[in-house]
Amino acid sequence: MNLDTSATDHAASMAYVMSTLSTRTLHHFAQEAKLNGESLKDAFERYEIDYAWYVLGSDRLRDATLDSLTQRHHYTATEAQRESLAGVLKAAAEAQAPELLMSFDNDVPDRLADFLLASWGGAVAPLPVADR
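Residues numbered from 1 in each chain as written. Predicted model: local features only at pLDDT ≥ 70, side-chain atom pairs only at ≥ 80, totals over all residues. Heavy atoms only, no water.

**Side note on the pattern of salt bridges**
No. 1: Within this structure, the stated rule accounts for 10 salt bridges.
No. 2: Asp110 serves as the salt-bridge partner of Arg72, at 3.6 Å between the closest nitrogen and oxygen. Of this pair, Arg72 sits in helix 5 (residues 59–73) while Asp110 sits in helix 7 (residues 108–119), placing them 38 residues apart in sequence.
No. 3: Accessibility expressed as a relative area gives 27% for Arg72, which makes it partly exposed.
No. 4: We note a salt bridge from Arg111 to Asp107, for which the minimum N-O separation is 3.9 Å.
No. 5: You can call Arg111 partly exposed: its relative accessible area is 32%.
No. 6: Using a relative accessible area of 39% as the deciding quantity, one classes Asp107 as partly exposed.
No. 7: Among the ionic contacts, a cluster of salt bridges with common partners joins Asp59, Arg62 and Asp63. (Salt bridge = Lys/Arg side-chain N within 4 Å of Asp/Glu carboxyl O. Helix = DSSP H or I, 4+ residues; strand = E, 2+ residues; numbered from the N terminus. Buried < 20%, exposed > 50% of the residue type's maximum accessible area, 1.4 Å probe, protein only.)

Spelled out as structure tokens, the structure:
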């Protein structure tokens, strides 16, 4: 594996992940819950909110991304690609401010899978008509 290419791929993947995130502070999230007429506890449970660094660094998000590659694109990542994905998610988690929150219920796995497949040289399959 070419180290320069690997570092470039990592940087591009990292930039993509960071650009797709939807994070909020607790204060902002509480305001949204209030506007929706629900308790903060109910909103946290419904949206599966946690610290952004925790969501990004979780096995759950990594596995959801790999599942998206398999289910949506019929693509199985190599061990090196799995390690690359884990590294990108770990770096994204470390880049998060400690007070930022995000939801497990988001489109990061699908968007990241699309991006990774394209950057790894695979073809990104078009979405089925029903999903558009």
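The discussion continues.
**Description of the side chain of Ser68**
No. 1: Mapping Ser68 onto the fold places it in helix 5.
No. 2: By relative accessible area, Ser68 is classed as buried at 4%.
No. 3: A polar side-chain atom of Ser68 sits 2.7 Å from a polar atom in the side chain of Asp110.
No. 4: Setting aside residues up to four positions removed in sequence, Ser68 forms contacts with His73, Pro109, Asp110 and Ala113. (Polar contact = N/O pair within 3.5 Å; in protein donor to acceptor, adjacent residues only side chain to side chain. Contact = heavy atoms within 4.5 Å.)

Note that every value here comes from positions in space, so none of it alone points to a role or purpose.
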